[in-house]
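# Observations on the model geometry
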Amino acid sequence: MKPYNKIILRPLLTEKNAGMKELENRVVFEVAKDANKLEIKAAVEEAFKVSVEAVNILNVKGKVKRLGRNLGKRRSWKKAVVTLKEGSVIEFFEGV
């Protein structure tokens, strides 16, 4: 298995994700495109020392954008929504 810093690329901090964290105890990360649910679960548990209940993953397609007269494309990426067990808290997301 790859090290956790190669699987979890960055946290996603948006208003919607902050609401999910408060109401449903879920946090959202951008993860490596080749990572699966089991690898993501193990990486979050190892990195943040928490218990993970479930992992849902989404492939986000890159949008086509216009750059003057040319067309460009944003990159595609993978998002993971991690549900933490009751009582587990990731200190990184506190106070956001």
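Data block above holds the structure.
To keep things clear, this report deals only with the structure shown in the data block. The shown structure was predicted, so the numbers you read here are calculated from the model rather than taken from an experiment.

The rules behind these values
- Residues numbered from 1 in each chain as written.
- Predicted model: local features only at pLDDT ≥ 70, side-chain atom pairs only at ≥ 80, totals over all residues.
- Heavy atoms only, no water.
- Helix = DSSP H or I, 4+ residues; strand = E, 2+ residues; numbered from the N terminus.
- Buried < 20%, exposed > 50% of the residue type's maximum accessible area, 1.4 Å probe, protein only.
- Contact = heavy atoms within 4.5 Å.
- Areas by Shrake-Rupley, 256 points an atom, 1.4 Å probe, with all protein chains shown as cover.
- Salt bridge = Lys/Arg side-chain N within 4 Å of Asp/Glu carboxyl O.

## Remarks on the overall build of the chain
What the chain contains, in helices and strands, is 3 helices and 6 strands. Each helix and strand of the chain, ordered N terminal to C terminal, gives the series α-β-α-β-α-β-β-β-β. Along the three orthogonal principal directions, the C-alpha set of the chain runs to about 50 × 30 × 20 Å. Taking all 96 residues of the chain together, 33% fall into the buried category. Within the chain, residue pairs in contact and separated by at least 24 positions form 59% of the contacts whose partners lie at least 6 positions apart. As displayed, the chain offers around 6700 Å² of accessible surface, 51% of which is attributable to carbon and sulfur atoms.

## Focus: the pattern of salt bridges
Under the criterion given, the structure shown has 4 salt bridges. Where Asp34 meets Lys2, a salt bridge forms, and the shortest distance between an N and an O atom there is 2.9 Å. A residue pair is termed long-range when its members are at least 10 positions apart, and Asp34 in the loop between strand S2 (26-31) and helix H3 (37-48) and Lys2 in the segment before helix H1 (4-7) qualify at 32 residues. Of the residues examined, Asp34 reaches a relative accessible area of 56% and is grouped as exposed. According to the relative accessible area criterion, Lys2 is partly exposed, its value standing at 30%. Residue Arg10 is joined to Glu30 by a salt bridge in which the shortest nitrogen-to-oxygen separation is 2.5 Å. Pair noted here: Arg10 is in strand S1 (residues 8-11) and Glu30 is in strand S2, with a separation of 20 residues, a long-range link. Taken together, the shared-partner salt bridges in this structure form one network comprising Arg10, Glu30 and Arg75.

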